Each structure stands twice: as structure tokens, then as C-alpha cells.
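Overview (structure and organization)
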Amino acid sequence: QVQLVESGGGMAQAGGSLRLSCAASGRIFSIDAMAWYRQGPGKQRELVARITSGGSIFYADSVKGRFTISRDNAKNTMYLQMNSLKPEDTAVYYCNTVANNYRYWGQGTQVTVSS
């Protein structure tokens, strides 16, 4: 089994910053891409950013230029630096990965941005 634990959520004012972390643990033989998803109030879960094991990166248009995804392969940890936050970034943020050929989700961390 692989566990994903997110941390770093919380409250911020518009224009502020937060940094999320996602640590994968357990019996890990391989990890492919790691990604952040979010689900805002009354909205469907959406892909925010994804980074492959080789470092290829994808961002949703809504966060380009404001969010930065990174990962430390040695620590099986992924980060999301969120700058210039907007109220519409308010959501539960979920970590996602394919490890050992199975897809895993974290429990989610709340990010609330006030105007």
C-alpha cells in the first residue's frame, strides 16, 4: 500500500501565497507522474498541475504563471507553490499519483482564499 499525505493548506488573503506538500510513503517500487487536483464548492474535481518523473510539467490555464509544481524524487515528495492567490482558488486540493501501477489519492487539504 502507498499513502499520500498532503500538508500546507490553510487560509490566505487574495494576492497571498501558500505552499502545499504531498509525501508518498509505503512500499514504493515506482512512481510515475504526480499531480495536484482541486475541487471547489459546487464544482467538479479538476486537474491543477502535473509533473512526470522526468520533470515534464503541465498546468491548467487558470493557474499558469501563478502556481509552480515541483518534486523531489529522492523523497517521493511533491510541492505546489501557489502565489498571487485568488478567491476562485478556494478548494480542497488533492494529491494524486500512480505508484506501483495503481492510482492513489491523498485525503485532501483545504485552501481558502479571502478577498
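Let me begin by describing the structure that accompanies this report. (Residues numbered from 1 in each chain as written. Predicted model: local features only at pLDDT ≥ 70, side-chain atom pairs only at ≥ 80, totals over all residues. Heavy atoms only, no water.)

Further remarks concern unusual backbone geometry. Positive phi, close to 50°, is recorded for N76, a residue that is not glycine. With respect to the element layout, N76 can be found in the loop between β7 (67–72) and β8 (77–82). Judged by relative accessible area, N76 falls into the partly exposed class, the value being 24%. Its identity as a non-glycine residue notwithstanding, S84 has a phi of 50°, on the positive side. Within the fold, S84 resides in the loop between β8 and β9 (91–99). (Helix = DSSP H or I, 4+ residues; strand = E, 2+ residues; numbered from the N terminus. Buried < 20%, exposed > 50% of the residue type's maximum accessible area, 1.4 Å probe, protein only.)

Once their charged atoms are close, side chains differing in charge can pair, the charge on each being opposite to the other. Scanning all chains against the criterion turns up 4 salt bridges. Among the ionic pairs, R38 bridges to E46, the shortest N-O distance being 2.7 Å. One salt bridge in this structure joins K64 and D61, with 3.2 Å as the shortest N-O distance. D61 matches K64 in its accessibility class, with the two residues each being exposed. One continuous salt-bridge network, built from bridges that share partners, spans R38, E46, R66 and D89. (Salt bridge = Lys/Arg side-chain N within 4 Å of Asp/Glu carboxyl O.)

Limitation: the analysis is restricted to geometry and does not speak to function.
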